[in-house]
Amino acid sequence: QVQLVESGGGLVQAGGSLRLSCAASGSIFSINTMGWYRQAPGKQREAVATITRAGSANYADSVKGRFTISRDNAKMTVYLQMNSLQVEDTAVYSCAARDRRSNDYWGQGTQVTVSS
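So, here's what we can say about the structure. Remember, it's a predicted structure, so these values are computed and weren't measured experimentally.

## A few points about unusual backbone geometry
Moving on, step 1. Even without being glycine, Met76 reaches a positive phi, approximately 45°.
Moving on, step 2. When you line up the elements, Met76 lands in the loop between β7 (67-72) and β8 (77-82).
Moving on, step 3. Positive phi values are uncommon outside glycine, yet Ser84 reaches one of about 50°.
Moving on, step 4. Relative to the helices and strands, Ser84 is located in the loop between β8 and β9 (91-99).

## Section: the state of the cysteines
Moving on, step 1. Following the criterion strictly, the structure yields one disulfide and no others.
Moving on, step 2. Paired through a disulfide, Cys22 and Cys95 show a sulfur-sulfur distance of 2.1 Å. Of note, the bridge from Cys22 to Cys95 carries an S-S torsion of about -80° and is left-handed in sense. Taken together, the residues span a long stretch of sequence, with Cys22 in strand β3 (residues 18-26) and Cys95 in strand β9 at a distance of 73 residues. Accessibility classification places Cys22 together with Cys95 in one group, the buried group.

## Notes on the packing of aromatic side chains
Moving on, step 1. Taken as a whole, this structure holds one aromatic pair when the rule is applied.
Moving on, step 2. Consider the rings of Tyr37 and Trp106, whose centres lie 5.0 Å apart with planes at 65°: the pair is edge-to-face. With Tyr37 in strand β4 (residues 31-39) and Trp106 in strand β10 (residues 104-106), this residue pair connects regions lying 69 residues apart in the sequence.
Moving on, step 3. Arg19 extends its terminal NZ or CZ atom over the ring of Tyr79, reaching a point 4.1 Å from the ring centre.
Moving on, step 4. Positioned above the aromatic ring of Trp106 is the side chain of Arg45, whose terminal nitrogen or guanidinium carbon lies 3.8 Å from the ring centre.

The rules behind each value
Residues numbered from 1 in each chain as written. Predicted model: local features only at pLDDT ≥ 70, side-chain atom pairs only at ≥ 80, totals over all residues. Heavy atoms only, no water. Helix = DSSP H or I, 4+ residues; strand = E, 2+ residues; numbered from the N terminus. Disulfide = S-S within 2.5 Å. Buried < 20%, exposed > 50% of the residue type's maximum accessible area, 1.4 Å probe, protein only. Phe/Tyr/Trp six-rings, centres within 6.5 Å; stacked < 30°, edge-to-face > 60°. Lys NZ or Arg CZ within 6 Å of the ring centre and 35° of its normal.

Below is the structure:
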């Protein structure tokens, strides 16, 4: 089992920055890909960014050039640096991890609110 705990959400003005963190515990040796997903009110959850254990990252088109995902394998922590935030980025951001058996684990989510 893997447990994920997010931190770093909050309220920020448009154009500002936030950094989200997600710390994994439990069977962390089994974790391969980690990532961030978000869900805005009335919308489906979407993938924001993912990163493999080797450091290969993928981003949603809407955040390319503004968000950066990174991870510290020693701490099994994944980060999401969000710059140039837009009102449209307002959502609940959740951390996810997939292990080598393709089991998915989710954090509780953290609210990010961008005001105009």
